[in-house]
Amino acid sequence: MQDIVNTHIHRELESAYHYRILSALADIEDFPGFAHWFEVQGQEEEAHAQKLIDFQKSQRAYIEFANLAAEAPAAHHPRDLMGSALAYEEALQSFIHAQARQADEIPLEPYRELLDWFIAEQVEEVEQCKRILADIRRLGEDFTGLLILDRELGQRAA
């Protein structure tokens, strides 16, 4: 179980790292609301990793930290940044479902119970990215609408 949970920790930290990259790119492109939204999302992913780290500690399991890697999208329009976020969240969702199947097979009951929380959380995160990306696509080339959306995203509570 130790290695399986460590892999999950790594994926959550990698997700946080990815969001930090997206935040920096949005900031460079003068979309402070998007930058803020990505920053808050990165903090949330770090909290997810901490939840798993705390779980490992409760199981008296060793925690191994692997090197983090995340690629920045080639284009830096908010549509591309949010598309990158969605793709990452969907990949993480698939990973978590695979973890759940593996936990059922072994069985890894304490971790499997924790995974139920992650599954529900991941559904929310994917849907949130999809909604924002749909809003961006509906706006098309309406720069004023994009600025309004940017301001809205900047209101996200940390």
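Residues numbered from 1 in each chain as written. Predicted model: local features only at pLDDT ≥ 70, side-chain atom pairs only at ≥ 80, totals over all residues. Heavy atoms only, no water.

1. Remarks on the packing of aromatic side chains
Item 1. Taken as a whole and assessed by the stated rule, the structure comprises 8 aromatic pairs.
Item 2. Ring geometry for Phe31 versus Phe143: centroids 6.2 Å apart, planes at 65 degrees, classification edge-to-face. Taken together, the residues span a long stretch of sequence, with Phe31 in the loop between helix H1 (2–28) and helix H2 (32–58) and Phe143 in helix H5 (residues 143–153) at a distance of 112 residues.
Item 3. Look at Phe31 and you get buried, because its relative accessible area is 7%.
Item 4. Each residue in the set Tyr19, Phe31, Phe34, Trp37, Phe38 and Phe143 is aromatic and connected to the rest through ring pairs, giving one cluster.
Item 5. Directly above the ring of Phe95 sits Arg11, whose terminal nitrogen or CZ lies 4.6 Å from the centroid.
Item 6. In this structure, Arg156 is placed above the aromatic ring of Trp37, and the distance from its NZ or CZ to the ring centre is 4.7 Å. (Phe/Tyr/Trp six-rings, centres within 6.5 Å; stacked < 30°, edge-to-face > 60°. Helix = DSSP H or I, 4+ residues; strand = E, 2+ residues; numbered from the N terminus. Buried < 20%, exposed > 50% of the residue type's maximum accessible area, 1.4 Å probe, protein only. Lys NZ or Arg CZ within 6 Å of the ring centre and 35° of its normal.)

2. What to know about the packing of H1 against helix H4 (residues 109–139)
Item 1. At their nearest, the axes of H1 and H4 sit 13 Å apart, and the two run at 20 degrees to each other. By the angle between their axes, H1 is roughly parallel relative to H4. Every pair of crossing elements has a handedness; the one defined by H1 and H4 is left-handed. Here Ile4, Val5, His8, Glu12 and Tyr19 of H1 lie close against H4, whose contacting residues are Tyr111, Leu115, Phe118 and Cys129. (Axes fitted to C-alpha atoms, helices over the stretch in contact; angles between N-to-C directions. Parallel < 35°, antiparallel > 145°, perpendicular 65-115°, else oblique. Left-handed = near helix turned anticlockwise from the far one by under 90°. Contact = heavy atoms within 4.5 Å.)

3. Here's the deal with the confidence of the model for the protein
Item 1. Per-residue confidence for the protein gives a mean pLDDT of 94, with 100% of residues at or over 70.
Item 2. Across the protein, element-level confidence peaks in H2 with a mean pLDDT of 97 and bottoms out in helix H3 (residues 78–105) with 94. (pLDDT = per-residue confidence, 0-100.)

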